[in-house]
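# Coordinate inspection notes
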Amino acid sequence: MQWQFQGNRGELVLYFSVYLIYLIYGLCVLIGSRERILNIAKFEFSTGWPILRSRRDDTNDELENFTQYISDNWHWYLLHVALSRIIRKRYDHLQSLAHALTCSFILMKTMHLVSIITFILLLSSFYMASKHESKKLVWFLSAIWMAAIHLIKNSEYFYTLGYTEYFTVIQLLSWTVLRGCSFGLQRIKMRKSCTEEDMQNLYSLKNFLGYTLYFPCLIYGPFMGYQRFKRIMPQKNDRNEWKLFLLELLRALAWWLVLQAASHYLYLHYMARDLMAVKVVDTVFGLHAIGYFMGQFFFLFYVVTYGLGIAFARYDGFHPPNKPRCIGRIHFYSDMWKYFDEGLYEFLFIHIYAELCKKHSPVLQKLFATALTFCFVFVWHGCHIFVLIWSILNFACLVGEKIFKYLISCPSYKDFANSKLKLQASGLQRLNAALATQVFIPAAFSNVFFISGQDVGEYLIKGAYINGWRNYIMLTFCSYCFFQCSQVLLQIKFLAVGMKTSRNSASGSYISTFSAGTVSVLSSIKLPH
């Protein structure tokens, strides 16, 4: 269901003005808290870039490890793209084998023997499980390896290999569990519709290794399900491919620079680690701004990391998921799951939710499927208390959103709004947006638990609900404005995409075919309700 914004130009000015003022106010509060945070910080921040004359918040382990990883391995990315280009141009049938051999060589050069052996055991076990074509065996193996990853996280031995490799091994194993699971389950799913010869070609050892050992997405994603990986797109003009590839890399670099520059002025990474740093902000709306900008920093990190993998995957002819959608343009939390990490969402829907219920299944069956989906999310992310809270809040907000959408679709609700409240289309849309805001607020704060942990998450969400009714009315009004702004931006995007598709269809270009394929893939995927 897509709503149409029904307001006038004056309303638009009001909504976007409130949004802009809120952002400026939040930035001023956060920048103004720098010195107080430096005074109470448990350790000294790095000196930062001399030109900015401010210390840089270097306390985000994921960002620091990514930067170190690229610094240490950039030449391997160049090796991959050079070999991949030669192979695809002259020996296309060897592409999967080339990816596997290249990645294997890189891992042997960059990781310790124990890490490599652990990874080989994981790959071997999933390939053997896929040969048996048993869903129960694939899921049992996934559970065993997720438990093993949890043990590795708490292993002093792996930690002695160096923090960078320790972090890399956990990332590598976690992503590979999903890839192995996707390969095995997709093989079982396609058994009924494929001939024996097709099965041997599509699900061969060569393709399994090419999929699970695709270097650009190996450590930092995004996750690309096997149903996407096996769809090689036709080659385009060499010059255009290089231009698009370099443009994608420059975008990732530009956002990395933005993130690095912002960390000189906004100490949000440290705030996510230390509740005392959050408490230096003494205004309620300043606390709300912390939650908002934590989400934006989190979003930018994945734009950079996923953007890098997506650039290489598209250049190599694959059909990877899209980059995350900005959280400032998401007003229904279901869209957060659909568009922030499309690859993970597709895995959860195809292999868990859709296996447990169908479109017309009873409500209780859908709720059970959704709950089990979030159980997997909780376990895969590490079985931490803050992840459990985040998962429960996500589940509750999605259920609340579903109830809300059911309510506004009821004829009795519409009759009441029209006959009793005397609301026209524009008034009804405003009422719906105001009601949806009550689901949007806790959903937005739930992300703080995942980003910063239990202490900071509890403190910020309490700030929204226990600071008096005046605060909550103002928070609701601002959130309502954000909601309406997001809806307008979404309509503009749909209009722009529609116009672009129409132009491409008229010219019969390749891009039209590619866009149609993308729409076809994504439109077949529904949200776990």
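Criteria and cut-off values
- Residues numbered from 1 in each chain as written.
- Predicted model: local features only at pLDDT ≥ 70, side-chain atom pairs only at ≥ 80, totals over all residues.
- Heavy atoms only, no water.
- Axes fitted to C-alpha atoms, helices over the stretch in contact; angles between N-to-C directions.
- Helix = DSSP H or I, 4+ residues; strand = E, 2+ residues; numbered from the N terminus.
- Parallel < 35°, antiparallel > 145°, perpendicular 65-115°, else oblique.
- Left-handed = near helix turned anticlockwise from the far one by under 90°.
- Contact = heavy atoms within 4.5 Å.
- Nonpolar A, V, L, I, M, F, W, Y, C, P; charged D, E, K, R; others polar.
- Salt bridge = Lys/Arg side-chain N within 4 Å of Asp/Glu carboxyl O.
- Buried < 20%, exposed > 50% of the residue type's maximum accessible area, 1.4 Å probe, protein only.
- pLDDT = per-residue confidence, 0-100.
- Expected span 1.5 Å × (residues − 1).
- Phe/Tyr/Trp six-rings, centres within 6.5 Å; stacked < 30°, edge-to-face > 60°.
- Lys NZ or Arg CZ within 6 Å of the ring centre and 35° of its normal.
- Core = buried A, V, L, I, M, F, W, Y, C linked by side-chain atoms within 4.5 Å.
- Domains from an automatic or database assignment.
- Buried area = accessible area lost by both parts, 1.4 Å probe.
- Polar contact = N/O pair within 3.5 Å; in protein donor to acceptor, adjacent residues only side chain to side chain.
- Disulfide = S-S within 2.5 Å.

### Description of the packing of helix 3 (residues 61-90) against helix 4 (residues 95-110)
Packing of helix 3 against helix 4 leaves a shortest axis separation of 10 Å and a crossing angle of 160°. Classified by the angle their axes make, helix 3 and helix 4 are roughly antiparallel. The crossing of helix 3 and helix 4 is right-handed. On helix 4, the residues that touch Asn-73, Trp-76, Leu-79, His-80, Leu-83, Ser-84, Ile-87 and Arg-88 of helix 3 are Gln-95, Ala-98, His-99, Thr-102, Phe-105, Ile-106, Lys-109 and Thr-110. Residues belonging to the contact of helix 3 with helix 4 are distributed by class as follows: seven nonpolar, seven polar and two charged.

### Remarks on the pattern of salt bridges
One pass over the full model with this rule turns up 15 salt bridges. Here Arg-228 and Glu-346 are joined by a salt bridge, their closest N and O atoms 2.5 Å apart. In this pair, Arg-228 sits in helix 11 (residues 226-229) while Glu-346 sits in helix 17 (residues 342-356), placing the two residues 118 residues apart along the sequence. Owing to a relative accessible area of 1%, Glu-346 belongs among the buried residues under this scheme. When salt bridges with common partners are traced through the structure, they connect Glu-133, Arg-187, Arg-191 and Glu-196 into a single cluster.

### Let's talk about the confidence of the model for the protein chain
Across the protein chain, the average pLDDT comes to 88, with 90% of residues at 70 or higher. Considering only residues more than four positions removed or in separate chains, one finds that residues 505-529, a stretch of pLDDT under 50, has 41 contacts.

### Concerning helix 15 (residues 284-315)
Relative to the 46 Å expected for 32 residues at 1.5 Å per residue, helix 15 spans 47 Å between its end C-alpha atoms, a close match to the ideal helical length. In terms of burial, helix 15 is largely enclosed, as 30 of its 32 residues are buried.

### Side note on the packing of aromatic side chains
Aromatic rings in a pair are described by how distant their centres are and how their planes are angled relative to each other. For the structure on display, the rule yields 57 aromatic pairs. Ring plane angle 85° and centroid distance 5.8 Å describe the contact between Phe-298 and Phe-450, whose orientation is recorded as edge-to-face. In this pair, Phe-298 sits in helix 15 while Phe-450 sits in helix 21 (residues 425-452), placing the two residues 152 residues apart along the sequence. Positioned above the aromatic ring of Tyr-339, the side-chain terminus of Arg-325 is 3.9 Å from the ring centre. Directly above the ring of Phe-332 sits Lys-405, whose terminal nitrogen or CZ lies 4.5 Å from the centroid.

### Brief notes about the nonpolar core
Residues Leu-268, Met-271, Ile-290 and Trp-337 are the most contacted members of the largest nonpolar core, which totals 153 residues. Take this core: its biggest share by element is 22 residues, from helix 15. For this core, the two domains that each supply at least three residues are domain 1 (61-240) and domain 2 (325-497). Those residues in contact with Leu-268 that lie beyond four places of it in its chain are Leu-30, Asp-57, Ile-290, Phe-293, Met-294 and Phe-297.

### Notes on helix 10 (residues 205-212)
Helical periodicity: at 3.6 residues per turn, an α-helix aligns residues three or four positions apart in one direction. Every buried residue of helix 10 is listed here: Asn-207, Phe-208, Gly-210, Tyr-211 and Thr-212. Its buried side turned inward, helix 10 meets helix 4, helix 5 (113-132), helix 8 (163-190), helix 9 (196-202) and helix 11.

### Some remarks on the packing of helix 1 (residues 9-32) against helix 15
Put simply, helix 1 and helix 15 touch, their axes get as near as 9 Å, and they point 95° apart. Here helix 1 lies roughly perpendicular to helix 15, going by the angle between them. Of helix 15, the residues touching helix 1 (which contributes Tyr-19, Tyr-22, Leu-23, Tyr-25, Gly-26, Leu-27, Val-29 and Leu-30) are Phe-285, Gly-286, His-288, Ala-289, Ile-290, Tyr-292 and Phe-293. Split by residue class, the contact of helix 1 with helix 15 holds 12 nonpolar, three polar and no charged.

### Topic: the side chain of Ser-391
When you line up the elements, Ser-391 lands in helix 19 (residues 385-409). Residues within four places of Ser-391 in sequence aside, it is in contact with Phe-374, Val-377 and Phe-378.

### A closer look at the domain arrangement of the protein chain
The domain boundaries assigned to the protein chain delineate domain 1 (61-240) and domain 2 (325-497). Put simply, the middle of domain 1 and the middle of domain 2, counted by C-alpha atoms, are 32 Å apart. Every contact between the two is made by 16 residues of domain 1 and, on the other side, 16 residues of domain 2. Between domain 1 and domain 2 lies a buried interface of about 1400 Å² when both sides are counted; carbon and sulfur atoms form 63% of it. The largest contributions to the domain 1 side of the interface with domain 2 come from Trp-139, Met-146 and Leu-178, which together make up 34% of the buried area. Across the contact surface, domain 1 and domain 2 share three salt bridges. Between Glu-342 and Arg-228 there is a salt bridge; the shortest N-O distance is 4.0 Å. Our enumeration of links across domain 1 and domain 2 arrives at three residue pairs in polar contact (both at pLDDT 80 or more). When residues of the side of domain 1 that touches domain 2 are traced back to their parent elements, those giving at least two are helix 6 (135-153), helix 8 and helix 11. Counting residues per element, the side of domain 1 that touches domain 2 draws most heavily on helix 8, which supplies eight residues.

### A few points about unusual backbone geometry
Residue Gly-221 is joined to Pro-222 through a cis peptide bond whose omega torsion reads 5°. Tracing the sequence through the fold places Pro-222 in the loop between helix 10 and helix 11. One non-glycine residue, Cys-383, adopts positive backbone phi at about 55°. Relative to the assigned elements, Cys-383 resides in the loop between helix 18 (363-380) and helix 19. Relative accessible area serves as the criterion here: at 38%, Cys-383 is assigned to the partly exposed category. With a phi angle near 60°, Lys-422 is a residue other than glycine that sits in the positive phi range. Given the relative accessible area of 62%, Lys-422 is considered exposed.

### Regarding the side chain of Thr-118
Position of Thr-118 among the secondary structure elements: in helix 5. Exposure remark for Thr-118: the relative accessible area of 12% places this residue in the buried category. If we ignore the near neighbours within four places in the chain, the residues touching Thr-118 are Trp-145, Ile-152, Phe-158 and Leu-173.

### A few points about the state of the cysteines
Considering all chains together, one arrives at zero disulfides under this definition. Unpaired in this structure, Cys-397 has its nearest cysteine sulfur neighbour in Cys-375, at a distance of 17 Å. Using a relative accessible area of 6% as the deciding quantity, one classes Cys-397 as buried. Of all cysteine sulfurs, the one in Cys-481 lies closest to Cys-478, which takes part in no disulfide; the gap is 6.3 Å. The exposure class assigned to Cys-478 is buried, which follows from its relative accessible area of 8%.

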